Amino acid sequence: MKINALQDLKKVRQKLAEAQSQAQAVAAAQAFAARQRELESNLFVRAVGQVQRLPVKDQVNLVRPAPAPIAHQRQKDNQAVLRDCLSDEFDASTLLDTDDALSFRRPGIGRDVIHKLRKGDWSIQREIDLHGLRSDEARVALAEFIRLAHRQGLRCLRVVHGKGLGSPGKTPVLKSRVHDWLAQKNQVLAFVQAKPSEGGAGALVVLLKSGA
C-alpha cells in the first residue's frame, strides 16, 4: 500500500510541475505578445516624434451657408426702368405732323399707317389714364405701360393725358410732354390724336412695333 501511495504522489507532483511549466510558458508568451504590440504602436511615435491631437475648435467647418437668392427678374426690371428713362428736355414738336389733327410717325413709316390708325384699323387693346399724376409720376407710369404692353405683344394703345384745362394758365403741360416721351420710345411706331368719341385732343392712339 505504501509503495502505491509513493508512486501516486510522484505522479501528482510531476503533473503539478508540468502544469506550472505550461502556465509559465503561457504567461511568457502573453507578455511577449503584449510587448510586441507596444513596440508596433510606438513605431510612428519613434519615427516622427511626439504628436498631439488638434482641438475640435480649430477644425475647419466645411458646411457653408446657402447663398442668398438673387432676384433676377427684379434686376431685369430695374435695368429696363433705367433704359426707359425719358427726358423732359427732348422736343418732339419738329417730328410732329400738324395737319388737321396732330400725328407722329417714325422715319420709315408711311403716311398710310397714320391714315389707318385714325380710321381705327387697329382696335385699341389697352389704355392708360395719366389724369391727376405729377409730371414725374406720369413719365414713369407711361414708360412702364409701354414696356409691358410691348412685352405682351399688344399693338394699339390709348394714352389719356387730358386737355390741360385745369393747369395754371390752362396750358396743357402734360399733353406736350406725353408727345415728347412717346417719340423717345423705340417701341412706338406712330401715334395720332384720338377721335372725339375716344377723347379727342385729350388722348392719343399709339401704334407699337409687333413682337414681344
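Residues numbered from 1 in each chain as written. Predicted model: local features only at pLDDT ≥ 70, side-chain atom pairs only at ≥ 80, totals over all residues. Heavy atoms only, no water.

Check the secondary structure of the protein and you find 6 helices and 6 strands. Put simply, the protein runs from its N terminus to its C terminus through helices and strands in the order α-α-α-β-β-α-β-α-β-α-β-β. A total of 212 residues make up the protein; the buried ones form 28% of that total. With the model as given, the accessible surface of the protein reaches about 15,200 Å², and the carbon-plus-sulfur share is 55%. (Helix = DSSP H or I, 4+ residues; strand = E, 2+ residues; numbered from the N terminus. Buried < 20%, exposed > 50% of the residue type's maximum accessible area, 1.4 Å probe, protein only. Areas by Shrake-Rupley, 256 points an atom, 1.4 Å probe, with all protein chains shown as cover.)

Moving on to the nonpolar core. Membership of the largest hydrophobic core comes to 22 residues, with the highest contact counts inside it found for Leu142, Val178, Leu182 and Val206. Breaking this core down by element, the ones donating at least two residues are strand S2 (102–105), helix H5 (135–151), strand S4 (156–160), helix H6 (173–184), strand S5 (188–193) and strand S6 (203–208). If near-sequence neighbours (up to four positions away) are discounted, Leu142 is found in contact with Ile128, Val159, Val178, Trp181 and Leu182. In terms of nonpolar packing, the next biggest core, distinct from the first, is built from 13 residues, Ile114, Leu189, Ala190 and Ala194 among them. (Core = buried A, V, L, I, M, F, W, Y, C linked by side-chain atoms within 4.5 Å. Contact = heavy atoms within 4.5 Å.)

This paragraph deals with the packing of aromatic side chains. According to the stated counting rule, one finds 1 aromatic pair in the structure shown. Measuring from ring centre to ring centre gives 5.1 Å for Phe104 and Phe191, while their planes differ by 25°; the resulting arrangement is stacked. You can see Phe104 sitting in strand S2 and its partner Phe191 sitting in strand S5, a full 87 residues away along the chain. You'll find Phe104 and Phe191 in the same group, each marked buried. (Phe/Tyr/Trp six-rings, centres within 6.5 Å; stacked < 30°, edge-to-face > 60°.)

What follows deals with the pattern of salt bridges. Using the criterion set out here, one finds 4 salt bridges in the structure. A salt bridge links Arg134 to Glu137; its shortest N-O distance comes to 3.1 Å. The exposed category is assigned to Arg134, whose relative accessible area is 57%. A salt bridge links Arg139 to Asp136; the nearest nitrogen and oxygen atoms lie 2.9 Å apart. (Salt bridge = Lys/Arg side-chain N within 4 Å of Asp/Glu carboxyl O.)

Take the environment of Ile114 next. Summarising the element assignment, Ile114 is placed in helix H4 (residues 111–119). When its relative accessible area of 5% is taken as the criterion, Ile114 is described as buried. Sequence-wise, Ile114 and Leu207 are 93 residues apart; in three dimensions their C-alpha atoms are separated by 9.3 Å. Ignoring any residue separated from it by four or fewer positions in sequence, one finds Ile114 in contact with Ser103, Phe104, Arg105, Ala190, Phe191 and Val192.

With that settled, the discussion passes to the pairing of strand S3 (residues 126–129). Across 4 bridges, S3 lies against S4 in parallel orientation. Pairing of Ile128 across the sheet is with Val159, part of S4. A crossover links S3 with its parallel partner S4, the connecting element being H5, and its sense is right-handed. (Pairing = 2+ DSSP bridges. Right-handed = clockwise from strand over helix to strand, strands pointing away.)

Before going further, it helps to examine the environment of Arg118. Among the structural elements, Arg118 can be located in helix H4. Overall, Arg118 belongs to the partly exposed group, its relative accessible area being 24%.

Looking now at the packing of H5 against H6. Between H5 and H6, the least distance of the axes is 11 Å, while the angle of their chain directions is 35°. Crossing handedness for the pair H5 and H6: right-handed. Packed against H5, whose contacting residues are Ser135, Ala138, Arg139, Leu142 and Ile146, the element H6 presents Leu174, Arg177, Val178, Trp181 and Leu182 at the interface. Taken together, the residues that form the contact of H5 with H6 break down as 7 nonpolar, 1 polar and 2 charged. (Axes fitted to C-alpha atoms, helices over the stretch in contact; angles between N-to-C directions. Left-handed = near helix turned anticlockwise from the far one by under 90°. Nonpolar A, V, L, I, M, F, W, Y, C, P; charged D, E, K, R; others polar.)

Scope: geometric values only; no functional claims are made or implied.
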